[in-house]
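Residues per chain, in single letters:
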Amino acid sequence: MEPIAVPCEARPGAPQALTVSQLARVIRDTVRANPLLGRVLVRGEVSNLQRAPSGHTFFSLKDATAQVSCVLFREDLEALGFDLEDGMDVVASGEVDVFPRKGTVQLLVRAATPAGVGAFWAAYQRTRKKLAAEGLFDADRKRPLPAFPCRIGVVTSEIGAVVHDIVTILRRRFPLAHVIVAPALVQGPEAAASLRRALACVADRVDVVILARGGGSLEDLWCFNDEGLARAVAASRVPVVSAVGHETDVTIVDFTADVRAPTPSAAAELVSPDAVELLARVNGAGRTLLEEVRDVLERARARAAASGERLSPRGLRRGVEANRTLLEKARTALTAVAPREVYRHRDRLEAVGRRLDVLSPLATLQRGYAIAEREDGHVVARVAEVGSGDALAVRFVDGRIHVRVDEREEAP
Amino acid sequence: MTEGPTFEESLAALEERVEALSRGDLPLDRALAVFEDGLALYRRCHAMLAEAEQRVTKLVAAAEGLTEEPFPVE
């Protein structure tokens, strides 16, 4: 073979030779200037997977006739949400760049999802086993949902039927709650990170979170099998209800959520007490309250009747007066609820009061007390009720005497 | 945002009053005070359920962090 002659210096008129660094820079600039290569989505099979001590992962993506070398940096690996393996069919997203030192063109992978049923299934099973082994699916980790959530967080796409259905149901069933929607991407390579961010934002502000997505293909739902999202759900400050896809779709997030709802609408019903049932409970308590106070009044009346005969006319009247005041208060309060009940009671109580008024003084006279009455028959209870010179009748047990007031002397 | 007692607290308080009355060991004036209290709570619970209008907002990233803005619901 003929050695290739390399000119040591440029001859006048001949093209100027580039240095290697210059050439590498031209290649790099060309690659970087191409918008298609700045954000690329590529599907292929993982091969030659190597994990460097630095934590970065190097591999190739290949198909039948070509391959491209790829690198997945450590921080992106942590966010990947599943474990890459040789032979796995994946869709990777990232940007193409050139590394002059090695002369390589590489795809810098930022995110990836398994592609094809086989790869999905394998990745799903691996994540499931891993988290189950850590106890993240255990029943005793599940927290009960709050009975009366004041604030309900909804993590889902802000467009589409799902968020609409959830909000509509919450409004109808439990309008007392404040609903906070945390919008997130729910499919594609960036969805898992977006869902994690939305969950983290809203969890601090609410009592319970609904994490939801409508039905879709295996690929569409993949982000809900993301290991990082599943861990975030398990670690959430407040209980999380998951509702992903249709009833038959079970994602990893469904296992780590506190409650799995079959559909987004069902999730909305699970977190909200029914206002109609609550109203029935309030009304029930109101009725019982009324019945109880009626009993209380009944008992008080019975006690008053029993002790009434031992009272002096003055004390008795005061007692009746006091009872009237209490009765009046109760009547006012009760009127608002059930006027008829109250009137029935008031009449009964007043009848008892009148009986006490009539019966008791006679017994007292028997014991030697006397009652002073004005000419109109009004019983004098206080000095202030008579004037000097008034005619009075003093009643004894066996009759009455008629006297005239000489002098009044009020107690100080 | 100013908040009085929540519905949950009001309902619990109402049921507490009912419970206290049904024990039947309160003096009459105490019992009536408890009753009036209960009646006010009952009205409050009723009003809260009847007048409640749900607030729906969404989180939006803003310069000063996260803010909430109304979420349109038809």
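The structure reproduced in this document is the subject of the present report. (Residues numbered from 1 in each chain as written. Chains lettered and ligands numbered in written order. Predicted model: local features only at pLDDT ≥ 70, side-chain atom pairs only at ≥ 80, totals over all residues. Heavy atoms only, no water.)

**Some details on the overall build of chain B**
For chain B, the count of helices and strands is 2 helices and 2 strands. A buried classification covers 36% of the 74 residues belonging to chain B. Nonlocal contacts in chain B, meaning residues at least 24 apart in sequence, comprise 42% of its contacts between residues at least 6 apart. Accessible surface, chain B as shown: approximately 4,400 Å² in total, 50% of it carbon and sulfur. (Helix = DSSP H or I, 4+ residues; strand = E, 2+ residues; numbered from the N terminus. Buried < 20%, exposed > 50% of the residue type's maximum accessible area, 1.4 Å probe, protein only. Contact = heavy atoms within 4.5 Å. Areas by Shrake-Rupley, 256 points an atom, 1.4 Å probe, with all protein chains shown as cover.)

**Some details on the interface of chain A and chain B**
Across the contact, 47 residues belong to chain A and 39 residues belong to chain B. Across the chain A to chain B interface the summed buried area is about 4,000 Å²; carbon plus sulfur atoms make up 71%. The largest contributions to the chain A side of the interface with chain B come from A:Leu176, A:Val282 and A:Leu289, which together make up 16% of the buried area. Taken together, the connections running from chain A to chain B amount to 3 salt bridges. (Buried area = accessible area lost by both parts, 1.4 Å probe. Salt bridge = Lys/Arg side-chain N within 4 Å of Asp/Glu carboxyl O.)

**A look at the sheet that holds strand β11 (residues 371-374) of chain A**
All names here are of chain A. Strand order in the open sheet formed by 3 strands is β11-β12-β13, and the pairing between neighbours is antiparallel. The open sheet terminates on both sides in strands that have one partner only, identified here as β11 and β13 (399-404). Going from strand to strand, the sheet's axes swing by 30 degrees on average, the running direction of each strand aside. With 6 bridges joining them, strand β12 (residues 391-396) and β13 adopt antiparallel strand pairing. From the neighbouring strand, Phe-396 faces β13, where its bridge partner is Gly-399. (Pairing = 2+ DSSP bridges. Axes fitted to C-alpha atoms, helices over the stretch in contact; angles between N-to-C directions.)

**Here's the deal with the packing of helix α4 (residues 116-133) of chain A against helix α7 (residues 227-234) of chain A**
A pair of packed helices can be characterised by two numbers: the angle between their axes and the separation between those axes. Residue and element names in this part refer to chain A. At a closest axis distance of 11 Å, the pairing of α4 and α7 adopts a crossing angle of 30 degrees. Accordingly, the angle class assigned to the pair α4 and α7 is roughly parallel. Like other packed secondary-structure pairs, α4 and α7 cross with a definite hand, here right-handed. Here Thr-127, Lys-130 and Leu-131 of α4 come into contact with α7, specifically with Glu-227, Ala-230 and Arg-231. Classifying every residue of the contact of α4 with α7 by side-chain character gives 2 nonpolar, 1 polar and 3 charged. (Parallel < 35°, antiparallel > 145°, perpendicular 65-115°, else oblique. Left-handed = near helix turned anticlockwise from the far one by under 90°. Nonpolar A, V, L, I, M, F, W, Y, C, P; charged D, E, K, R; others polar.)

**Focus on the packing of aromatic side chains**
Residue and element names in this part refer to chain A. On inspection of all chains with the given rule, the structure shows 6 aromatic pairs over all chains. When the ring of Phe-148 is compared with that of Phe-174, the centres are 6.5 Å apart and the planes differ by 45 degrees; the resulting orientation is tilted. Separated by 26 residues along the polypeptide, Phe-148 in the loop between α4 and β6 (151-156) and Phe-174 in the loop between α5 (161-173) and β7 (178-183) bring together distant segments of the chain. This pair shows no difference in class: Phe-148 is buried, exactly as Phe-174 is. Ring pairing ties together the aromatic residues Phe-82, Phe-120 and Trp-222, which thus form one cluster. (Phe/Tyr/Trp six-rings, centres within 6.5 Å; stacked < 30°, edge-to-face > 60°.)

**Remarks on the sheet that holds strand β3 (residues 67-72) of chain A**
Residue and element names in this part refer to chain A. As summarised here, the arrangement of the 5 strands in space is β1-β2-β3-β5-β4, forming a closed barrel in which the pairing is mixed. Strand after strand, the sheet turns through a mean of 50 degrees between neighbouring axes, direction not considered. Two strands pair when backbone bridges link them, and strand β4 (residues 89-99) and strand β5 (residues 104-114) are joined in this way by 10 bridges, in the antiparallel orientation. Note that in β5 the partner of Val-98 across the bridge is Val-105. Together, β1 (40-51), β4 and β5 form the strand contacts of α4, whose direction differs from that of β5 by roughly 75 degrees.

**Section: a nonpolar patch on the surface**
A surface patch of nonpolar side chains, about 350 Å² in accessible area, is lined by A:Leu18, A:Leu23, A:Val26 and A:Ile27. Summarising the element assignment, A:Val26 is placed in helix α1 (residues 20-33). (Patch = residues over 30% accessible without salt bridge, like charges linked within 9 Å, V, L, I, M, F, W, Y side chains within 5 Å.)

**A short note on helix α6 (residues 191-203) of chain A**
Over its 13 residues, α6(A) runs 18 Å from end to end, which matches the ideal 18 Å to within 8%, given 1.5 Å per residue. When α6(A) is considered as a whole, its buried residues turn out to be A:Ala191, A:Ala192, A:Ser194, A:Leu195, A:Ala198, A:Leu199, A:Val202 and A:Ala203. Along the long axis of α6(A), the arc covered by the buried residues comes to 160 degrees, so they all point the same way. Structural note: α6(A) exposes A:Arg197 and A:Ala200 on the side pointing more than 90 degrees away from its buried face. Here the buried face of α6(A) lies against β6, β7, β8 (208-213), α7 and β9 (240-244) of chain A together with β1 (55-62) of chain B. (Expected span 1.5 Å × (residues − 1). Arc of directions from axis to C-beta.)

**Quick look at the pattern of salt bridges**
Residues and elements named next belong to chain A. Applying the stated rule across the entire model yields 22 salt bridges over all chains. Measuring nitrogen to oxygen at the nearest pair gives 2.6 Å for the salt bridge that ties Asp-89 to Arg-43. Taken as a pair, Asp-89 in strand β4 and Arg-43 in strand β1 lie far apart in primary sequence, 46 residues in all. A residue is classified by how much of its surface remains accessible, and Asp-89, at 23% relative accessible area, is partly exposed. As a salt-bridge pair, Glu-373 and Arg-395 come within 3.0 Å of each other at their nearest N and O atoms. Separated by 22 residues along the polypeptide, Glu-373 in strand β11 and Arg-395 in strand β12 bring together distant segments of the chain. Residue classification places Glu-373 among the buried positions, given a relative accessible area of 9%.

**Observations concerning the environment of A:Arg404**
Residue and element names in this part refer to chain A. Tracing the backbone shows Arg-404 in strand β13. According to the relative accessible area criterion, Arg-404 is exposed, its value standing at 59%. Sequence-distant contacts of Arg-404, that is, excluding residues within four places in its chain, are made with Gly-389, Asp-390 and Ala-391. Side-chain polar atoms of Arg-404 contact the backbone oxygen of Gly-389, separated by 2.7 Å. (Polar contact = N/O pair within 3.5 Å; in protein donor to acceptor, adjacent residues only side chain to side chain.)

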